[in-house]
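# Understanding the architecture of this molecule
Here is how the chains run, residue by residue.
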Amino acid sequence: MVFDRRVTTVVIGGGHAGLAMSHCLTGRSIDHVVLERGEVANTWKTERWDSLRLLTPNWQSRLPGFGYDGDDPDGFRKMPETIDFICRYAEAISAPVETHTTVTSVRRTDAGYQVVTDQGDWHCRTMVLASGASNIANVPALAAAVPAHIAQVTPTEYRNPDQFADGGVMVVGAAATGAQLAQEIHRSGRPVTVSVGEHVRVPRNYRGRDIQWWMDRAGLMDERYDEIDDINRARRLPSLQLTGSDDRNALDLNSLTGIGIKLIGRIAGMNDSKAQFSGSLRNMCALADLKMGRLLDTIDEWASANDVDGEVEPAERFAPTEIADDPPLGLDLAGGEIKTILWATGFRPDYSWLDVPVFDRKGRVRHDGGIVGSPGMYLMGMQFLRRRKSSLIDGAGDDARDLSTHLAAHLDG
Amino acid sequence: MSTSESTVDNGVNVKALLGAREALTDAPDAAQFTWRASCEWKNGTHSASTIDSYFGLGEEHQHKTTFTIDADHPEVFASEDLGASPVEIVLVGLASCLTAGIAAVAQHRDIQLRSVKATLEGGMNIQGILGIDADVRNGFDGIKVTYDIDADATPDEIKALVAQSQKRSAVYDVITNPTNITVEVN
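Rules behind the numbers
- Residues numbered from 1 in each chain as written.
- Chains lettered and ligands numbered in written order.
- Predicted model: local features only at pLDDT ≥ 70, side-chain atom pairs only at ≥ 80, totals over all residues.
- Helix = DSSP H or I, 4+ residues; strand = E, 2+ residues; numbered from the N terminus.
- Buried ≥ 20, exposed ≤ 12 C-beta atoms within 10 Å, placed from the backbone.
- Contact = placed C-beta atoms within 7 Å.
- Pairing = 2+ DSSP bridges.
- Axes fitted to C-alpha atoms, helices over the stretch in contact; angles between N-to-C directions.
- Expected span 1.5 Å × (residues − 1).
- Right-handed = clockwise from strand over helix to strand, strands pointing away.
- Domains from an automatic or database assignment.
- Nonpolar A, V, L, I, M, F, W, Y, C, P; charged D, E, K, R; others polar.

A tally of helices and strands in chain B yields four helices and six strands. Each helix and strand of chain B, ordered N terminal to C terminal, gives the series α-β-β-β-β-α-β-β-α-α. Counting only C-alpha atoms, chain B reaches 60 × 40 × 30 Å along its principal axes. Taking all 186 residues of chain B together, 17% fall into the buried category. Partitioning the intrachain contacts of chain B with sequence separation of at least 6 by distance along the chain shows that 51% fall at a separation of at least 24.

What follows is the structure, given as structure tokens:
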């Protein structure tokens with residue numbers, strides 16, 4: 001059974017980004033289809049851990065034509081609520097989603113693109129890559145040298161601590177994923193050591209408001225990719241050390257050491273069974289503390305300049321990250337202390353199906369604010385694609401509006 | 001940070017450095033450098049090292065002059081103390097790398113430096129190198145670097161200069177992270 005169908009625009013990916021684009025295309029009467037390998041919100045349904053909650057408050061999930069209508073605007077969605085939210089959005093905007101349709105190849109044609117799927121082919125003039133920024137968990141090459149008796153797990157495989165053997169766990173990475181999972185695993189009775197590289201420390205609450213409220217109100221989330229100093233660096237920055245929880249507590253390294261988690265430097269090598277760690281831990285933490293200080297300075301300056309000081313609590317500063325006097329530089333994995341390693345070392349997109357020469361030498365899609373270097377091709381949902389908020393649900397709307405405008409002009413041109 | 005004409009001058013050509021970064025992003029081969037030194041034993045623990053050439057940007061280069069560094073060990077090691085000890089030279093490498101980085105980052109951030117002074121201490125238990133206790137490592141058990149910096153900047157801006165300099169320093173990386181070393185004998 002082979003279909004061969006034509007449509008003006010193919011959107012690959014039925015998550016919030018692809019759906020926001022679908023809504024904007026519908027608004028412009030551009031006929032299109034959204035191809036989804038599973039069901040709407042598939043990654044949320046199948047590739048994330050049980051306890052995951054959104055890092056952004058409920059009010060901040062503003063999609064074009066849709067938003068939060070519940071009675072807990074400051075809460076943080078759990079997974080079922082997130083999935084439900086995205087599915088309701090797909091229904092509300094009547095998105096033309098073809099589910100259980102896996103794209104196996106995209107090729108350039110004279111008229112545009114041929115999209116090959118396991119449900120037949122599509123031909124289109126324009127296409128939108130909205131298949132997500134976090135399809136594959138990064139694992140460093142040195143993982144291959146880890147002794148075989150140590151279990152190795154990535155966040156896309158992790159569901160809850162019960163899947164781990166009893167005993168110690170080394171969590172590698174201290175961005176949002178690493179810090180959250182370290183906390184959860186340590187609380188399950190498995191002693192956790194976190195290997196800490198570059199990270200971004202922020203408080204959950206500042207002056208009585210959520211940090212996202214401040215960044216949103218002060219315009220930081222709207223900062224554009226073509227207006228900041230070093231966009232390449234901004235796009236590589238680890239995720240903010242945040243968690244969405246009912247107690248609204250901070251998830252910084254001090255909160256982890258406070259419950260007994262040990263910190264060690266970035267994992268730098270394996271020598272036989274011995275893991276080696278960088279001596280840079282103190283500087284990594286100093287960089288993060290200073291960076292947080294600059295963010296809070298920016299917020300305080302904005303609050304003063306915009307007469308917000310009266311509505312909020314006084315400015316405060318947080319204790320520096322505490323590091324043990326001599327963090328160990330080596331750990332013998334044959335010693336039995338560590339049973340499991342969780343690689344929370346970031347994610348990357350999967351473009352194995354994209355047979356169009358749009359990649360840089362690191363395998364990233366070259367683009368200018370989401371306009372890919374192949375005519376009529378667009379990218380959505382990547383970190384700092386067009387704005388600081390681009391990778392958030394809240395950022396999809398503005399990006400979809402901008403890029404659908406460009407896409408429409410391309411069709412007219 | 002201002003992008004207009006700056007009056008800050010730390011003697012670092014940041015424009016050239018940023019230009020190089022841009023040019024080398026898509027030319028990884030040209031970015032591949034090889035640094036060299038040669039060392040000749042004199043007598044006892046005294047040796048003289050020579051640094052004159054390096055490879056980079058796809059071709060051979062000569063330093064403007066040939067540099068020599070004498071190394072020896074102090075008299076408490078029953079040596080003649082004809083030069084700094086090798087571990088002290090490692091401290092010098094770290095200090096000069098971090099200090100160069102501070103100047104470059106300061107220039108980039110439009111911060112005028114007036115004086116930058118570093119003092120370094122590396123602790124070492126010589127039971128390691130003497131083979132007395134296998135649990136004691138040969139190398140430093142820690143290095144402490146202390147900077148005194150006078151600059152047109154707030155204390156936090158100065159701290160950020162020093163932190164960023166560590167992040168980008170080659171010698172800091174060499175010391176904090178393992179490196180494979182191959183030693184061959186002709």
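What follows covers the sheet that holds strand E8 (residues 151-153) of chain A. Residues and elements named next belong to chain A. Read across the open sheet, the five strands follow the order E8-E17-E9-E10-E13; overall the sheet is parallel. Either end of the sheet is taken by a strand with one partner, and the two such strands are E8 and strand E13 (262-265). Each strand of the sheet is rotated relative to its neighbour by a mean of 25°, with strand direction disregarded. As paired elements, strand E9 (residues 168-172) and strand E10 (residues 192-196) share four bridges and run parallel to each other. Residue pairing in the sheet places Val-172 in a bridge with Ser-195 of E10.

With that out of the way, let us pick up helix H1 (residues 16-27) of chain A. All names here are of chain A. Taking 1.5 Å of rise per residue, twelve residues should cover 16 Å, and H1 covers 17 Å from first to last C-alpha, within 8% of that figure. Buried residues dominate H1, accounting for ten of its twelve residues. All buried positions along H1 are accounted for by His-16, Ala-17, Gly-18, Leu-19, Ala-20, Met-21, Ser-22, His-23, Cys-24 and Leu-25. Those residues of H1 hidden inside the fold are in contact with strand E1 (4-12), strand E2 (32-35), helix H3 (79-92), strand E6 (120-129) and helix H9 (396-412). Positive phi shows up at Ser-29, right after H1, with a value of about 55°.

Another aspect to go through is the pairing of E2(A). Residues and elements named next belong to chain A. Residues of E2 alternate between two faces, with His-32 and Val-34 on one and Val-33 and Leu-35 on the opposite face, all of them buried. Sheet analysis places E1 next to E2, joined by four bridges and oriented parallel. Looking at E2, one finds that Ile-12 is bridged to Leu-35. This β-α-β element, E1 to H1 to E2, shows right-handed connectivity. In the sheet, E2 pairs with strand E3 (residues 97-98) via two bridges, with the strands oriented parallel. Looking across to E3, one finds that Val-34 is bridged to Val-97.

What follows concerns the domain arrangement of chain A. Residues and elements named next belong to chain A. Taken domain by domain, chain A consists of domain 1 (4-135 + 349-412) and domain 2 (138-343). Between the C-alpha centres of domain 1 and domain 2 the distance comes to 28 Å. Counting residues at the interface gives 20 residues for domain 1, matched by 24 residues for domain 2. Its residues placed into classes, the side of domain 1 that touches domain 2 shows seven nonpolar, five polar and eight charged.

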